[in-house]
Amino acid sequence: MTNRERNDGGGDGAGEPVRGLSETDLSRLLDAAHAPKASESLQARLMSDFDRSSRVSFGGDRNTFRLRMVRDFFSTMPDISFVGASPLARFVRGGVLAALGGLGFFAGAVSANEGAEEEMAIAYFESVLDVGFGGGVEDLWDAQ
Amino acid sequence: MRSDVDSDEALVTRAGRGDRTAAGELILRHSDRVMGVCYRMLGERAAAEDAAQETFLKLWRNAAKWEPRGAKFSTWLYRVASNVCLDRLRRGGREAPEEAAPERIDDAPHADERLMAADRAAAVHAAIAQLPERQRLAIALCHYEELSNIEAAAVMETTVEAVESLLGRARRGLRRTLAPMREELLEGGGLK
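Residues numbered from 1 in each chain as written. Chains lettered and ligands numbered in written order. Predicted model: local features only at pLDDT ≥ 70, side-chain atom pairs only at ≥ 80, totals over all residues.

### Focus: the overall build of chain B
Looking only at helices and strands, chain B has ten helices and zero strands in total. When the helices and strands of chain B are placed in sequence order, the string is α-α-α-α-α-α-α-α-α-α. Relative to its 192 residues, chain B shows a buried fraction of 45%. In chain B, the share of contacts with a sequence separation of at least 24, taken over all contacts with a separation of at least 6, comes to 61%. (Helix = DSSP H or I, 4+ residues; strand = E, 2+ residues; numbered from the N terminus. Buried ≥ 20, exposed ≤ 12 C-beta atoms within 10 Å, placed from the backbone. Contact = placed C-beta atoms within 7 Å.)

If you want it as structure tokens, here you go:
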């Protein structure tokens, strides 16, 4: 006897007579009501989600890797308001946020100069990340 | 072929490392069943597809760090699908399914038989949609997906006794709802 057959005839009052429809009738009706299968288009969507997700996770280009590092960094900050954080943590986070704010300002200034100082901007960004992550950013990028 | 013999757990590990073939195999193995649970829970195809997609997205995001910890992968996946559906139902409130007609009635060769099969399935889907969420989930897992009560209890994070109780109440509720339509459903629908 399968689990399903056991359930069909048992359980908390399942077998109680309900006028007009037996347990067997109910099982036949349930069996006749099919659910749709996953369509090919859904399977294609699932596959493309995997592709997108693995691109973000494993990186393939520099921009993706930058995004991942920034995202991972912020995911380690549970509360942006710093409530409950230790004084040291508040100091470090405040410093990094100030540096990022400065970076935004600097990037705005660079873009106003038609990108002439792009390399300077990248070097500055790397130095901010070096401060935040303890160095080794170049090595990590090279490893990509 | 390697993918023919790989366990789900091995496939998840490989997918977590970015193996596209492993991900494709997981989709082939589990998308129908995830879709089935989502459809039983949400009662509408488009919503079920969205929920199935969200379930797999959670899988891809967690594949790299997924650990069996004594649980089968399919149990974990069903649990994710169930939670996605329950979240959606609670966010959107309980709604009657917009599309209760069956999607697969190809077995019925004639138009009138197809129509009757569609009516019967619509009545059953509507009756299932009226059940409380947990009873609906118990029916979806135990009757349709043929999970054991122990597996269903693990998916639903409850006891086996609670699953049995949910199933009993669900079946009794369905019989009450469908009893007035017995003649047309069974005799008219050719199931008698």
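### Quick word on the overall build of chain A
When its secondary structure is counted, chain A shows seven helices and zero strands. Sequence-ordered secondary structure for chain A, helices as α and strands as β, is α-α-α-α-α-α-α. Taking all 144 residues of chain A together, the buried fraction comes to 13%. Once local pairs closer than 6 in sequence are excluded, the contacts in chain A between residues at least 24 apart make up 29%.

### Describing the nonpolar core
All names here are of chain B. Residues Cys38, Ala51, Ala52, Ala81, Ala138, Leu141 and Ala152 are the most contacted members of the largest nonpolar core, which totals 66 residues. For this core, the element with the most residues is helix 3 (residues 20–42), which contributes eleven residues. With sequence-adjacent residues up to four places away left out, Cys38 is seen in contact with Ala48, Ala51, Ala52, Ala81 and Cys85. (Core = buried A, V, L, I, M, F, W, Y, C linked by C-beta atoms within 7 Å.)

### A look at the packing of helix 6 (residues 111–130) of chain B against helix 9 (residues 160–178) of chain B
Residues and elements named next belong to chain B. Running from amino to carboxyl end, helix 6 crosses helix 9 at an angle of 130 degrees, the nearest separation of the two axes being 10 Å. By the angle class used here, helix 6 and helix 9 are oblique. Crossing angle aside, the handedness with which helix 6 passes helix 9 is right-handed. Counting all contacts with helix 6, which are made through Ala123, Ala127 and Gln130, the residues of helix 9 involved are Leu174, Thr177 and Leu178. Across the contact of helix 6 with helix 9, the residue classes break down as four nonpolar, two polar and no charged. (Axes fitted to C-alpha atoms, helices over the stretch in contact; angles between N-to-C directions. Parallel < 35°, antiparallel > 145°, perpendicular 65-115°, else oblique. Left-handed = near helix turned anticlockwise from the far one by under 90°. Nonpolar A, V, L, I, M, F, W, Y, C, P; charged D, E, K, R; others polar.)

### Topic: the interface of chain B and chain A
With 50 residues of chain B at the contact, the number on the chain A side is 35 residues. Among the elements of the structure, helix 3, helix 4 (45–62), helix 6, helix 7 (133–144), helix 9 and helix 10 (182–187) of chain B are those that each provide at least two residues to the side of chain B that touches chain A. Split into classes, the residues belonging to the side of chain B that touches chain A amount to 22 nonpolar, eleven polar and 17 charged.

### Structural notes on unusual backbone geometry
Residue and element names in this part refer to chain B. The residue Glu146 is not glycine, and still its phi comes out positive at about 55 degrees. Here Glu146 is to be found in the loop between helix 7 and helix 8 (149–156). Not every positive phi belongs to a glycine, and Glu157 is a case in point at roughly 55 degrees. Here Glu157 is to be found in the loop between helix 8 and helix 9.

### A few points about helix 7 of chain B
Residue and element names in this part refer to chain B. For helix 7, with twelve residues, the first-to-last C-alpha span of 15 Å sits near the 16 Å given by 1.5 Å per residue. Where burial is concerned, most of helix 7 is hidden: ten out of the twelve residues are buried. Those residues of helix 7 that sit buried are Gln135, Arg136, Leu137, Ala138, Ile139, Ala140, Leu141, Cys142, His143 and Tyr144. Glu146 sits one or two positions beyond helix 7 and adopts a positive phi of about 55 degrees. (Expected span 1.5 Å × (residues − 1).)

### A closer look at the confidence of the model for chain B
All names here are of chain B. The pLDDT averaged across chain B works out to 87; a share of 85% of its residues lies at or above 70. Contacts from residues 98–103, a stretch scored under 50 in pLDDT, to residues over four places away or in other chains number 18 contacts. The ipTM value of the predicted complex is 0.83, and its pTM value is 0.65. (pLDDT = per-residue confidence, 0-100.)

### Focus on helix 9 of chain B
Under the 1.5 Å per step criterion, the end-to-end length of helix 9 of chain B is 27 Å for 19 residues, consistent within 8% with the ideal 27 Å. The set of residues buried in helix 9 of chain B consists of B:Val163, B:Glu164, B:Leu166, B:Leu167, B:Gly168, B:Ala170, B:Arg171, B:Arg172, B:Leu174, B:Arg175 and B:Leu178.

### Side note on the environment of B:Asp32
Within the secondary structure, B:Asp32 is located in helix 3. With 16 C-beta atoms counted inside 10 Å, the residue B:Asp32 sits in the partly exposed group. Sequence separation between B:Asp32 and B:Ala52 is 20 residues; the distance between their C-alpha atoms is 9.2 Å. Beyond its immediate stretch of four places on either side in the chain, B:Asp32 contacts A:Lys37 and A:Ala38.

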